[in-house]
Amino acid sequence: MGRKIVVALGGNAILSKDASAAAQQKALLETAEQLVKFIENGDQLIISHGNGPQVGNLLLQQAAGSTEDNPAMPLDTAVAMTQGSIGYWMQNAMNRVLKEKGIKKTVATVVTQVEVSADDPAFEKPTKPIGPFMSKAEADLAKKENPDFTFVEDAGRGYRRVVPSPKPIGVVETDAVKSLVDAGIVPISVGGGGIPVVSNGNQLLGREAVIDKDFASEKLAELVGADALIILTAVPNIYVNFNQPDQKKLEQVSVAELETYIGQNQFAPGSMLPKVEAAIDFVKATGNQAVVTALDNIEGFVQNGSGTVITEKVGIRN
Ligand SMILES: Nc1ncnc2c1ncn2[C@@H]1O[C@H](COP(=O)(O)OP(=O)(O)O)[C@@H](O)[C@H]1O
Ligand SMILES: NC(=O)OP(=O)(O)O
């Protein structure tokens, strides 16, 4: 049996500029064409994905169309809605590519709740950017209309709304995901970081937040006993001195080396830093390897291990 791999897809794998369903479905078809290479390699895939742009857009659509009798849905429900829509597009795209390749395999989305702590300090300090980029004037107007919302400048690209992003502590549907994998089915799980819930006696109560999908994917990978966590984004490697003349790509790197680079602020918070932290958490918890690479480098990774591969100690491949 092949390696059990959790693959986390970055936002760019789904939405770039055109937020129409057709454009996102087209992007996911290209993504599926890459992901199927793992299946052809004999690996057992578990797919996760982000939802930052989509869930923010959905909230805006909800607000624009809401009435007293037909109210806008809260953020936890909006996260569930994006798990459904993106999961549908992903399943549909994977079905098509698998059929074209003559591979008989089912892909199924699991609406996934992810437990967070009610006391997580993140609830008091929104940090997760969602929805579209705005000019300063647009953000100021949106703040005037929604005084409770927080808007921040996002890495020089414009202003975005930010929401709380608590850390995942458990994945409620872990056993369902394990059963699907055991049955040879490819699950799509913890989409958009999972629906944030807090435990209260026999109840799980939804909370208005968006969990970082890299941390949720790491938690799921740990809980299902994955052999590897692969985080796919727009760059083929993690770099030190990123975007500077002396930029250096990291290929085989140890946890200790990455921790040193974190101390030097080498990784941007909200973009590369959570990926590096999730990779470190996975390697520390399991002793297995984590990988950060680009979606269009899957072939390179599968064929010759290119990308940034994080292990406990360099030289030891798990
Ligand atoms: N040190 C670094 N090495 C590589 N990429 C970095 C680094 N610091 C920041 N980045 C940026 O982080 C991006 C990945 O974060 P992001 O776009 O938020 O991911 P996602 O693919 O999950 O949406 C890369 O495409 C790159 O532009
Ligand atoms: N939930 C989440 O982390 O989404 P993005 O990766 O799209 O920001």
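Please read all numbers here as calculations on a predicted model, not as lab measurements.

The rules behind each value
Residues numbered from 1 in each chain as written. Chains lettered and ligands numbered in written order. Predicted model: local features only at pLDDT ≥ 70, side-chain atom pairs only at ≥ 80, totals over all residues. Heavy atoms only, no water. Helix = DSSP H or I, 4+ residues; strand = E, 2+ residues; numbered from the N terminus. Near = heavy atom within 4 Å. Polar contact = N/O pair within 3.5 Å; in protein donor to acceptor, adjacent residues only side chain to side chain. Areas by Shrake-Rupley, 256 points an atom, 1.4 Å probe, with all protein chains shown as cover. Nonpolar A, V, L, I, M, F, W, Y, C, P; charged D, E, K, R; others polar. Contact = heavy atoms within 4.5 Å. UniProt positions renumbered as here; feature names shortened; annotations may be inferred. Axes fitted to C-alpha atoms, helices over the stretch in contact; angles between N-to-C directions. Parallel < 35°, antiparallel > 145°, perpendicular 65-115°, else oblique. Left-handed = near helix turned anticlockwise from the far one by under 90°. 1 Å grid on protein atoms, 1.4 Å probe; cavity = no way out; pocket = protein on both sides within 12 Å on 5 of 7 lines; lining within 4 Å. Points joined across faces, edges and corners; volume = space filled by probe spheres on them. Domains from an automatic or database assignment. Phe/Tyr/Trp six-rings, centres within 6.5 Å; stacked < 30°, edge-to-face > 60°. Buried < 20%, exposed > 50% of the residue type's maximum accessible area, 1.4 Å probe, protein only. Lys NZ or Arg CZ within 6 Å of the ring centre and 35° of its normal. Core = buried A, V, L, I, M, F, W, Y, C linked by side-chain atoms within 4.5 Å. Buried area = accessible area lost by both parts, 1.4 Å probe. Salt bridge = Lys/Arg side-chain N within 4 Å of Asp/Glu carboxyl O.

J.: Explain unusual backbone geometry to me, and be specific about the residues and the numbers.
T.: Leaving glycine out, the prevailing phi sign among residues is negative, and the prevailing peptide bond configuration is trans. Even without a glycine there, the phi angle at Val190 is positive, about 45°. Locating Val190 in the fold gives a position in the loop between strand E9 (186-188) and strand E10 (195-200). The phi dihedral of Asn241 is positive, around 55°, even though this residue is not glycine. Its place among the elements puts Asn241 in the loop between strand E13 (238-240) and strand E14 (248-250).

J.: Describe the site of ligand 2, and please don't skip the residues or the numbers.
T.: Inspection of the region around ligand 2 gives Gly50, Asn51, Gly52, Pro53, Lys128, Gly192, Gly193, Val210, Ile211, Asp212 and Lys213 as its neighbouring residues. A distance of 2.9 Å is found between an oxygen atom of ligand 2 and a side-chain nitrogen or oxygen belonging to Lys128. Separating a nitrogen atom of ligand 2 from a backbone N or O atom of Ile211 is a distance of 3.0 Å. Within the complex, the protein chains bury 88% of what would otherwise be the 260 Å² of accessible surface of ligand 2.

J.: Please set out the site of ligand 1 residue by residue, giving values where relevant.
T.: Close contacts around ligand 1 come from 18 residues, with Lys213, Thr233, Tyr239, Gln266 and Lys275 the closest. The contact in question runs from an oxygen atom of ligand 1 to an N or O atom on the side chain of Lys213, over 2.8 Å. Between ligand 1 and the protein, one listed contact pairs an oxygen atom with a side-chain N or O atom of Thr233 at 2.6 Å. Surface burial for ligand 1 is 80%, taken as the share of its 580 Å² of free accessible area covered by protein chains. For the shell around ligand 1, the secondary-structure elements that each account for two or more residues are E13 and helix H8 (272-286). Within the shell around ligand 1, the residues separate by chemical class into 8 nonpolar, 8 polar and 2 charged.

J.: Account for the environment of Gln24, naming residues and giving values.
T.: The residue Gln24 is located in helix H1 (residues 21-40) in this model. Put simply, Gln24 and Trp89 are 65 residues apart on the chain and 8.0 Å apart in space, counted from C-alpha to C-alpha. Other than its neighbours up to four places away in sequence, Gln24 contacts Ile14, Leu15, Asp18, Ala19, Gln54 and Trp89. Only 3.0 Å separates the side chain of Gln24 from the backbone oxygen of Ala19, close enough to count as a polar contact. A distance of 2.9 Å separates the side chain of Gln24 from the side chain of Gln54, its partner in a polar contact.

J.: Describe the UniProt feature "domain: Aspartate/glutamate/uridylate kinase" (unreviewed entry) in the protein, with residues and values.
T.: The feature "domain: Aspartate/glutamate/uridylate kinase" (unreviewed entry), as annotated in UniProt, sits at residues 4-292 in this numbering. Secondary structure across residues 4-292 comprises 39% helix and 24% strand; the distance between its end C-alpha atoms is 16 Å.

J.: Describe the packing of helix H7 (residues 255-263) against H8, with residues and values.
T.: At their nearest, the axes of H7 and H8 sit 10 Å apart, and the two run at 150° to each other. Classified by the angle between their axes, H7 and H8 sit roughly antiparallel to one another. Here H7 runs over H8; the crossing is left-handed. Along the contact surface, H7 presents Val255, Leu258, Glu259 and Ile262, while H8 presents Leu273, Val276, Glu277, Ile280, Val283 and Lys284.

J.: An account of the layout of surface pockets is requested, with residue identities and associated values reported.
T.: One way to see where empty space is left: roll a probe the size of a water molecule over the atoms. Here the second largest pocket is characterised by a volume of approximately 560 Å³. Around the second largest pocket sit 27 residues that line it, and Leu59, Leu60, Asn146, Phe149 and Arg161 are the ones nearest its centre. Split into classes, the residues belonging to the lining of the second largest pocket amount to 19 nonpolar, 5 polar and 3 charged. Here the lining of the second largest pocket spans two domains, since at least three of its residues come from each of domain 1 (4-117 + 167-311) and domain 2 (126-163).

J.: Tell me about the packing of aromatic side chains, and name the residues and values.
T.: Counting across every chain of the model gives 2 aromatic pairs. Pairing Phe149 with Phe151 gives two aromatic rings, centres 6.4 Å apart and planes at 50°, and the pair type is tilted. The class of Phe149 is partly exposed, set by a relative accessible area of 26%. Positioned above the aromatic ring of Phe133, the side-chain terminus of Arg160 is 4.6 Å from the ring centre. The side chain of Arg161 reaches across the aromatic face of Phe149, ending 3.4 Å from its centre.

J.: An account of the nonpolar core is needed here, citing residue identities and associated values.
T.: Burial of nonpolar side chains together is a common tendency in soluble globular proteins. The biggest cluster of nonpolar side chains holds 42 residues, and the ones touching the most others in it are Ile238, Leu258, Phe267 and Ile310. Breaking this core down by element, the ones donating at least two residues are strand E1 (4-9), helix H5 (174-182), helix H6 (213-223), strand E12 (228-233), E13, H7, H8 and strand E16 (289-294). If you tally residues by element for this core, the top one is H8, at 8 residues. Non-local contacts of Phe267, meaning those with residues more than four positions away in its chain, are made with Ile238, Tyr239, Leu258, Tyr261, Ile262, Met272, Leu273 and Val276. Val7, Ile14, Leu29 and Trp89 belong to the second-largest nonpolar core, a separate cluster that totals 32 residues.

J.: Provide a residue-level description of the domain arrangement of the protein, including the pertinent values.
T.: We note that the domain assignment places domain 1 (4-117 + 167-311) and domain 2 (126-163) within the protein. Using only C-alpha atoms to locate each centre, domain 1 and domain 2 end up separated by 24 Å. Listed by partner, the interface residues are 10 residues for domain 1 and 8 residues for domain 2. Summing the contributions of domain 1 and of domain 2, the shared interface buries around 620 Å²; its carbon and sulfur component is 71%. Among the residues domain 1 hides against domain 2, the three largest losses belong to Gly52, Leu59 and Val210. Together they make up 43% of the total. Our count for the contact surface shared by domain 1 and domain 2 stands at 1 salt bridge.

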